[in-house]
Number of protein chains: 4
Amino acid sequence: MSDLFSHELESLASPLITWRRYLHRYPEEGWTEFATVAFLAATLERWGFRLTMGEDALCSASRMGLPAPEVLTGAASRAHAHGVESRWLGIVHNGMTALWADIALGPASQQAPLLVLRFEMDALPINEARDAAHYPVCEGFASLHHGLMHACGHDGHMAIGLGLARLLSKCRESFSQPLRVRLLFQPAEESVRGAQALAAAGAVDGAQWLLGLHIGIAAQHTGELVCGVDNFLATSKIDARFTGLAAHAGSAPQKGHNALLAASAAALGLHAISRNGQGDTRVCVGTLNAGQCRNTIPAHASMELEVRASNDSVHQWLDTEAQRVLAAAADLWHCTEKHCLAGRAPAASSHPLLRSVVQACAGRVPFFKPVRPSCSFGASEDFSLLVNSVHEAGGQANYMLVGSQLAGGHHTPYFDFDEKVLLPSVALLAQTCHALSLQHTA
Amino acid sequence: MSDLFSHELESLASPLITWRRYLHRYPEEGWTEFATVAFLAATLERWGFRLTMGEDALCSASRMGLPAPEVLTGAASRAHAHGVESRWLGIVHNGMTALWADIALGPASQQAPLLVLRFEMDALPINEARDAAHYPVCEGFASLHHGLMHACGHDGHMAIGLGLARLLSKCRESFSQPLRVRLLFQPAEESVRGAQALAAAGAVDGAQWLLGLHIGIAAQHTGELVCGVDNFLATSKIDARFTGLAAHAGSAPQKGHNALLAASAAALGLHAISRNGQGDTRVCVGTLNAGQCRNTIPAHASMELEVRASNDSVHQWLDTEAQRVLAAAADLWHCTEKHCLAGRAPAASSHPLLRSVVQACAGRVPFFKPVRPSCSFGASEDFSLLVNSVHEAGGQANYMLVGSQLAGGHHTPYFDFDEKVLLPSVALLAQTCHALSLQHTA
Amino acid sequence: MSDLFSHELESLASPLITWRRYLHRYPEEGWTEFATVAFLAATLERWGFRLTMGEDALCSASRMGLPAPEVLTGAASRAHAHGVESRWLGIVHNGMTALWADIALGPASQQAPLLVLRFEMDALPINEARDAAHYPVCEGFASLHHGLMHACGHDGHMAIGLGLARLLSKCRESFSQPLRVRLLFQPAEESVRGAQALAAAGAVDGAQWLLGLHIGIAAQHTGELVCGVDNFLATSKIDARFTGLAAHAGSAPQKGHNALLAASAAALGLHAISRNGQGDTRVCVGTLNAGQCRNTIPAHASMELEVRASNDSVHQWLDTEAQRVLAAAADLWHCTEKHCLAGRAPAASSHPLLRSVVQACAGRVPFFKPVRPSCSFGASEDFSLLVNSVHEAGGQANYMLVGSQLAGGHHTPYFDFDEKVLLPSVALLAQTCHALSLQHTA
Amino acid sequence: MSDLFSHELESLASPLITWRRYLHRYPEEGWTEFATVAFLAATLERWGFRLTMGEDALCSASRMGLPAPEVLTGAASRAHAHGVESRWLGIVHNGMTALWADIALGPASQQAPLLVLRFEMDALPINEARDAAHYPVCEGFASLHHGLMHACGHDGHMAIGLGLARLLSKCRESFSQPLRVRLLFQPAEESVRGAQALAAAGAVDGAQWLLGLHIGIAAQHTGELVCGVDNFLATSKIDARFTGLAAHAGSAPQKGHNALLAASAAALGLHAISRNGQGDTRVCVGTLNAGQCRNTIPAHASMELEVRASNDSVHQWLDTEAQRVLAAAADLWHCTEKHCLAGRAPAASSHPLLRSVVQACAGRVPFFKPVRPSCSFGASEDFSLLVNSVHEAGGQANYMLVGSQLAGGHHTPYFDFDEKVLLPSVALLAQTCHALSLQHTA
């Protein structure tokens, strides 16, 4: 079996690094991955993949947490200045930055089952570390976009996706049984905003299998592999805004309606929502900004918060509680409150059968050691939404964790993973594609 | 002038102490002054006063902060056991414990002006100190009713009222001009509950003048006198009750609606109500009781609170704010909230002309030194409601503070005033009666 | 096997009801089970059990949550008035209300293994329902002690213990292998206060097996049985007291240090302690009482609270957090704070091997249907402390849940279980004794 | 008397408008008034005033609320680009932007008394309205510095100062008695940051009289004049920063120390500080900014707050309370807290004698009608610090309010005062100078 891909894999070692570093250099935030998706599309088109993009790939109305219009416009201009061709910018304009790249393997067949692999494209609003102790600085591939950084490994995920694409495009004939493979490049995974719009456009419709992966989570030693995960936490991301009335703090404080205090009371109230005997819960008011000057009763406050739960019914309860607290805290200070959903994902778990296939394939990639069957995820990922779509339609979905030593934690300025994990990850995915192609016959 | 009353005054020295100590021994709370009012009525009837009592003296529906029916019944039984005659108990049954005692002085006249003097009768739910360092214990006149105590000096006020009554009843002929005098014995002054029901029954209707006094407030040296006060704080006394839902704190906390936390949030929110540029404010949640056992989400909480303000419009604003906070804090924890008004009194100030009359009379009672014209009261008394009634009808009202060294502060178990102040207070009131009788002719 | 005990069981049907109802009629709170323990001791002594009581049965210094001295004295007087013999009262005076009752079964042997069965004796400070819809009222066995009630089924547990005692004392010869059995009657299980003092006195030292049971928890249908439980929540019961400074709320509020607000801030802060990714947590401030009158800044507040966690390290973290919050909330309002531990129990789970023995025996008691192997407990019981003692010494411990329809929930005035469960429970315990006696030989 | 200055006044009508509009166009924030002070200095030097600037005019170490170094540098660069001569920038570099301009009037004398007049120079961080309804837009003199605006009338104050300077410089001989006049141009009045550094440098040492004024406060009709004010509120401006520990909100929230919740608890606690029976208080947390992203326990929070009081002892108490609350709220959430004083001013009142002089002079300026002797200020101004300095040294200080209709309130984007008030204000000050020069002889 290792004979199948070993030659091609070898030749990927250097390109994987190149792709990863190129992508790392030009990070783009969720819904603004204009240059990123154009680079992927142009490359995959060249390798013979059939592309689905723009309105066909993404349900516009189902997108959550879109940035302000001026952010979208600014990012598009930057991509244009970067040299992105207008034909791509036309397709993905206004945040329609999804890409499906399809290929058929093995003998032609109407009956070929569909395997979807998901890779995220978005970066984070984090200023990358600039000192020489940081490897990307050392090696000259640190972010060139001030205030943005691939600090979650999505650059690595995309490089793996490209590596797998290159391999499959060269090894189509190595498949004795027919298999359709779709590489799904997702915008706006951060804050669980993008998957819903992909699902609504049919990105995983008809998929027999769905695979996703993440570098460096839970497994923090290079070589480690967790074949599947349980306990994706359901989550809602909420943006709330409190509006009161300004007044002079010295002469007429009683005329004010204090939005800062409403938001403060809400923050404390949200964190004090009851524990739930039916499942785990989490609440985090992550940001709070209120008031404009020292001597005026603050008329405005805004907060970004999230809730999480280990199952969907507790999630539903928690959402209701949070909304009640927001409204009542506003009342407490004679303010009004509005909020909107900036992201949402359900609870989910890997399918045990598909996880077993991955586990078997991992045995054929000697790099991976130790191989752990599964773990509890304890975090949220909107991959869970795709998982549930596939499971509800009778398919199987699985999410694996590729271990890596990290220079700094996820979402921090010193984040950096070990590039040694890229090639074995491509190998594992290729093996899994092959194994699944055979499984279908059986 | 001093010739007028000096002989009679001398003979009052001993009875004043006796009356005060008798009343101190048998304290009764607001609306349960059954034995007290019966003792006063029987005495004043004997001295020739015309009495108004029961429904005639008090508007039943205007009473605030009535105790529970079983408290009323219990106190009536205690009074009966104490030997109070049924004829009195029948009149004042069910908390109708007011008494007006009228007398006409000087030559008979249809035109005689009316002077009303108000004295309070109620005691406090305080356990009197039991050690020998406490003078009432020493002298054997400490409270015989466990948990109740005359800790605000109302026993002294009533003794002064009786002394004045005795004096006037003996000196009717000393008045060259006609004057009607009404001694108004008020129930339930504590928590400003009783005056409204007196006013509604007409207790101060037609009064040319109204006088009240208090021992030991602001003036804390025996001999000191403050002739009038400004700045009675307007106040509301509110009883609030939060109702939630109980649940097992271990297995199903999410099923609970936490009334203890609603009350806690309300307490903090009430104290954080904005200051007001138009006047002083005060907020005090004085008691909070919530929950019944440690391992159940508390379904009930109750609190007693008060707000105060230096003028009526700020008072109105503060009432509204407080009610909003109570309701919103309940919402914050998914509870319901109900509250009722347990007392209410307006802002007021002494009339400067009547205050000057008192000041002039004080000059004739050598005991009083120093004599201060006025001070800011900074507290609440439902006398203010009577003051405003009289002022609105064109009369004059005044409240004076009789200085006294105190063994312990008002409303504490060691409270005790100096009995030396009783006789001079009677003298001052008698002088003022006489001065006012003459004023009218002019 | 069923032949072994069937005759004797039959004769227990009526006494079980009698014992249960007698005990229900005379409830006693934790550490005051004077009449209860005397009744049990006298009975068991008559049946030939060897008793251990007083200082021998209980480590005085390890008792938690002792009531005030006057409560102990009052309860002892009540027991004396009830006719309890002085010889018993002398032994168990001052809250030393534990009882071990030992019996040796089968052939005499120095090597006989020890089985301990634990039964709780304490009642709750709950007023039992008084209407005829309540079965104990109907049948005339409602509580005769106002304000106290067996509202958790401990009366039933004790009846089962007596039934088992009677049976074993009659069937000693039916045991072919030697077995020592200890019936452990525990005071003060409510609020997890008593087990520590039993363990410290050696009550489970040398026990090969430990068994406990509860009626009506989790399993709420008569006939249901849960053979073992996981996830006893670790817990601390804390009594906190805040001390500030009183001041007049109108004239000098700034002189006060507000203990009511300190307690309110603490309550909110405690419930807002972070969730923990390492295990479940619970927080409940069950009672809060603050202030004495409406118009004084409250100088005192007290609260009873509990924390729980699904493992001991999270429990330790939570204890530390709670203590920090209590202290800081006091500081926030310029108050001081003191607290004491009123109860504490660790996390624990049933031993799977002993649970299997129970499950096998349940098959021989046709009454039990369905029989569930185990469930998550989700609550706290200081039986967990005994469990861990036994497990640490190499023994096995198990806790079973005897299903019962309930007229009202545990710890409520309408609580009542189905008396039909008593006899089968005795049968199950007897079977388990026998099975364990045989197991040892093997 | 009006003959004295009337000719010169006439010729000032047009320049006053020009100066005001020029200054309005180029607003600069506190401690960065580089171009402003250079313009004033160059002009006053030309008119023969003796200048004191830089280290001589300002005690560097006594400055409060200095902006960050990059703000100072940026503003200096902007001033340089604006054409400000290096000789001025050298003197006022690094925020040393004060100016004293002295002139001697009348016959030369060593004994000439000193009159100081204070004018503020700083603008506010407010975006000026840009629509044509706004008069400065209409007339083309709106702010050219984005985000900065003279929204408190300091441009008008400076124009009045220049007008008075021009007048006095031309009318030196009209003074029959000697008088020294110092025009004191103060940086950083907003947030009461600058006066302390002026006083520490001796700006009002030896002053017999001190005058200040404000346009449009309390008196909001053009023509109105309030001759003096009572009740400058004492105030502290505090910047607080909370530091906790970041943690992943999903997988390990318990590792975080939540600075956002610490700040929220502090905000609520600060507003709930007790009222004070000894004087008015105000508390305002004007801004709160916490956290950086939604799914991380926030490790940082900052707030800008102010407290005010109607007298210095209550102010001292309030400062202490606020600091306790800040520290305890940090403890409550396991955070640390640091704060610094960004501004501070005492309570003060105008001197009644100097106020009377102004009132008399106002009678000679027919524009002013009605003329009110005084009012309660109810706000804070660091002029109060200068007032107290002068009063303590035996001099007299006064602050007057020049009425003006306003297009929008102070500190709002539509603020605009009526330019008609400029000339009469110069006239009033000139009359007052003259009256004081005569007074000294007497």
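What you see as residue numbers is a count from 1 along each chain, following the sequence as written. Just so you know, chain letters begin at A and ligand numbers begin at 1, following the order they were written in. The model is predicted, so local features are restricted to residues of pLDDT at least 70 and side-chain atom pairs to those at 80 or more, both for listing and for counting; the totals for chains, interfaces and linings are taken over all residues.

Undergrad: How should the overall build of chain A be read in this particular structure?
TA: For helices the rule is a DSSP run of H or I covering at least 4 residues; for strands it is a run of E covering at least 2, with both sets numbered from the N terminus onward. The helix and strand inventory of chain A stands at 12 helices and 12 strands. Over its C-alpha trace chain A gives a radius of gyration of 23 Å, about what one expects of a compact globule, namely 22 Å for 442 residues. Overall, the C-alpha framework of chain A stretches about 80 × 50 × 40 Å when taken along its three principal axes. Whether a residue is buried, exposed or partly exposed follows from its count of other C-beta atoms within 10 Å of its own C-beta, namely 20 or more, 12 or fewer, or something in between, respectively; the C-beta atoms are built from the backbone. By the burial criterion, 61% of the 442 residues in chain A qualify as buried. Residue pairs at least 24 apart in sequence account for 84% of intrachain contacts in chain A once pairs closer than 6 positions are excluded. Atoms considered for the radius of gyration are the C-alpha atoms alone. The globule rule reads 2.2 Å times the number of residues to the power 0.38. Two residues qualify as a contact pair if the distance between their C-beta atoms, derived from the backbone, is within 7 Å.

Undergrad: What is the right way to look at the relation of the copies chain A and chain B in this model?
TA: For the pair of chain copies, the relating operation is a rotation around an axis with a shift along it. Once chain A has been moved 0.0 Å along the axis and rotated by 179°, it coincides with chain B to within an RMSD of 0.1 Å. Here the copies are linked by what is in effect a two-fold axis. Of the C-alpha atoms belonging to chain A, the one lying closest to the rotation axis is found on Ala328 of chain A, 2.7 Å away. Take the interface residues of chain A: 95% of them recur as interface residues in chain B, which is what a same-surface contact looks like. Our superposition of the copies is a least-squares fit, built on the C-alpha atoms of residues whose pLDDT is at least 70 in both.

Undergrad: How should the interface of chain A and chain B be read in this particular structure?
TA: Where the parts come together, the accessible area they lose is often given as the size of the interface. The partner chain B presents 20 residues to the 21 residues of chain A that form the contact. For the side of chain A that touches chain B, the elements supplying multiple residues, two or more each, are helix 8 (259-271) and helix 9 (312-332) of chain A. For the side of chain A that touches chain B, the element with the highest residue contribution is helix 9 of chain A, accounting for 7 residues. A class-by-class count of the residues in the side of chain A that touches chain B yields 9 nonpolar, 9 polar and 3 charged. Gly is put with the polar residues, along with every residue not named as nonpolar or charged; the nonpolar set is Ala, Val, Leu, Ile, Met, Phe, Trp, Tyr, Cys and Pro, and the charged set is Asp, Glu, Lys and Arg.

Undergrad: Please clarify how the pairing of strand 4 (residues 179-186) of chain C should be interpreted in this entry.
TA: Each regular strand displays side chains that alternate between the two surfaces of the sheet. Residues and elements named next belong to chain C. Most of strand 4 sits out of view: 8 of its 8 residues are buried. On strand 4, burial covers both faces: Leu179, Val181, Leu183 and Phe185 on one face and Arg180, Arg182, Leu184 and Gln186 on the other are all buried. When DSSP finds at least two bridges between two strands, those strands are taken to pair. Relative to strand 4, strand 2 (residues 99-105) runs antiparallel, the two being bridged by 7 bridges. Directly across from Leu105, in strand 4, lies its bridge partner Leu179.

Undergrad: Looking at this structure, I do not really get the relation of the copies chain A and chain D. What am I missing?
TA: The two copies are related by a screw operation: chain A maps onto chain D through 180° of rotation and 0.1 Å of translation along the axis, at an RMSD of 0.1 Å. Interface overlap between copies: 100% of the residues of chain A at the interface are likewise at the interface in chain D, consistent with a symmetric, same-surface contact.

Undergrad: How should I be thinking about the interface of chain A and chain D in this particular structure?
TA: With 38 residues of chain A at the interface, the matching set in chain D holds 38 residues. When contributions to the side of chain A that touches chain D are tallied by element, the ones reaching two or more residues are helix 8, strand 8 (281-290) and strand 9 (300-309) of chain A. Considering every element that reaches the side of chain A that touches chain D, the biggest residue donor is strand 8 of chain A, with 8 residues. Looking at side-chain class alone, the side of chain A that touches chain D contains 17 nonpolar, 15 polar and 6 charged residues. Bridge count for strand 8 of chain A against strand 8 (residues 281-290) of chain D is 3 bridges, and the pairing is antiparallel. When the sheet's bridge partners are listed, Ala290 of chain A is paired in strand 8 of chain D with Leu288 of chain D.

Undergrad: What exactly am I supposed to notice about unusual backbone geometry here?
TA: Glycine aside, the phi torsion of most residues is negative, and most peptide linkages are trans. Of note, the bond from Lys369 of chain C into Pro370 of chain C is cis; its omega dihedral lies within 30 degrees of zero at 0°. Even without glycine at this site, Ala218 of chain B takes up a positive phi of about 65°. Here Ala218 of chain B falls in the partly exposed class, since 17 other C-beta atoms lie within 10 Å of it.

Undergrad: Would you explain helix 2 (residues 34-46) of chain D in this entry?
TA: Each α-helix winds once per 3.6 residues, and so residues spaced three or four apart point in a common direction. Helices are assigned an expected span. That span is 1.5 Å times one less than the residue count. Between the first and last C-alpha of helix 2 of chain D there are 18 Å, a value that for 13 residues agrees with the 18 Å anticipated at 1.5 Å per step. Immediately beyond the C-terminal end of helix 2 of chain D, within one or two residues, lies Gly48 of chain D, with a positive phi of roughly 95°.

Undergrad: What am I meant to see in the sheet that holds strand 6 (residues 225-230) of chain C here?
TA: Whenever strands of a sheet pair, they do so through backbone hydrogen bonds, lying parallel or antiparallel. Residues and elements named next belong to chain C. Strand order in the open sheet made by the 8 strands is 1-2-4-3-5-12-6-11, with mixed pairing throughout. Two strands lie at the open edges of the sheet, namely strand 1 (50-53) and strand 11 (371-376), each paired on one side alone. With direction set aside, neighbouring strand axes in the sheet form an average angle of 25°. Axes here refer to lines fitted to C-alpha atoms; in helices the fit is confined to the stretch in contact. Angles between the N-to-C directions go from 0 to 180 degrees.

Undergrad: Any chance you could explain the sheet that holds strand 8 (residues 281-290) of chain C here in plain terms?
TA: One open sheet holds the 8 strands; their spatial order is 10(B)-7(B)-9(B)-8(B)-8(C)-9(C)-7(C)-10(C), and the pairing between them is antiparallel. Across the chains shown, the open sheet's two edge strands, defined by having one partner strand only, are strand 10 (336-345) of chain B together with strand 10 (336-345) of chain C. When the angles between neighbouring strand axes are averaged without regard to direction, this sheet yields 25°. Its contacts with the sheet put helix 8 (residues 259-271) of chain B on strand 7 (234-243), strand 8 (281-290) and strand 9 (300-309) of chain B together with strand 8 of chain C, and the angle it makes with strand 8 of chain B is roughly 165°.

Undergrad: It is not clear to me how the environment of Thr52 of chain A should be interpreted in this structure. Could you clarify?
TA: Residues and elements named next belong to chain A. Positionally, Thr52 belongs in strand 1 (residues 50-53). In this structure Thr52 comes out as partly exposed when scored by C-beta crowding, with 19 C-beta atoms within 10 Å. When the C-alpha positions of Thr52 and Ser174 are compared, they lie 25 Å apart, and in sequence the two are 122 residues distant. Those residues in contact with Thr52, other than ones at most four positions away along the chain, are Ala57 and Trp100.

Undergrad: Just checking my understanding: could you explain the packing of helix 8 of chain A against helix 9 of chain A for this structure?
TA: Helix-helix packing is described using two parameters, namely the angle between the two axes and the distance between the axes. All names here are of chain A. Interhelical geometry of helix 8 versus helix 9 gives an angle of 145° and a closest axis separation of 8 Å. The crossing of helix 8 and helix 9 is right-handed. Across the interface between the two elements, Ala262, Ala265, Ala266, Gly269 and Leu270 of helix 8 pack against Ala322, Val325, Leu326, Ala329, Ala330 and Leu332 of helix 9. Of the residues in the contact of helix 8 with helix 9, the class split is 10 nonpolar, 1 polar and no charged. Each crossing gets its handedness from the near helix: less than a right angle anticlockwise from the far helix is left-handed, clockwise is right-handed.

Undergrad: How should the environment of Glu139 of chain C be read in this particular structure?
TA: Residue and element names in this part refer to chain C. Position of Glu139 among the secondary structure elements: in the loop between helix 5 (135-138) and helix 6 (154-170). Overall, Glu139 belongs to the partly exposed group, with 13 C-beta atoms counted inside 10 Å. Remark: the alpha-carbon pair of Glu139 and Val402, spanning 263 residues in sequence, is separated by 23 Å.

Undergrad: Explain the domain arrangement of chain A to me, please; I cannot follow it from the model alone.
TA: All names here are of chain A. For every domain, the bounds stem from an assignment made automatically or drawn from a database. For chain A, the assigned domains read domain 1 (2-231 + 348-441) and domain 2 (234-345). The centre of domain 1, based on its C-alpha atoms, is set 35 Å off from the matching centre of domain 2. The partner domain 2 presents 9 residues to the 12 residues of domain 1 that form the contact. Taken together, the residues of the side of domain 1 that touches domain 2 sort by class into 4 nonpolar, 5 polar and 3 charged.

Undergrad: Would you mind showing me how to read the pairing of strand 6 (residues 225-230) of chain A here?
TA: Residue and element names in this part refer to chain A. Within strand 6, 5 of the 6 residues are buried, which leaves the element mostly enclosed by the surrounding structure. Across 5 bridges, strand 6 lies against strand 11 (residues 371-376) in parallel orientation. Pairing of Gly228 across the sheet is with Ser374, part of strand 11. In this structure, strand 6 lies alongside strand 12 (residues 396-402), joined through 2 bridges in antiparallel fashion. Counted as the bridge partner of Val226 is Leu401 from strand 12.

Undergrad: What's the story with the confidence of the model for chain A in this structure? I'm lost.
TA: Atomic detail in the predicted coordinates should be set aside for any region of low pLDDT. For every residue, the predictor reports its confidence as pLDDT, a number between 0 and 100. Averaged over every residue, the pLDDT of chain A is 95; residues scoring 70 or more account for 99%. Our summary of model confidence lists the complex with pTM equal to 0.91 and ipTM equal to 0.89.

Undergrad: I'm lost on helix 8 of chain B in this one. Help?
TA: Counted at 1.5 Å a residue, the expected span for helix 8 of chain B with its 13 residues is 18 Å, and the 18 Å between its end C-alpha atoms agrees. With respect to burial, helix 8 of chain B is a largely interior element, 13 of its 13 residues being buried.

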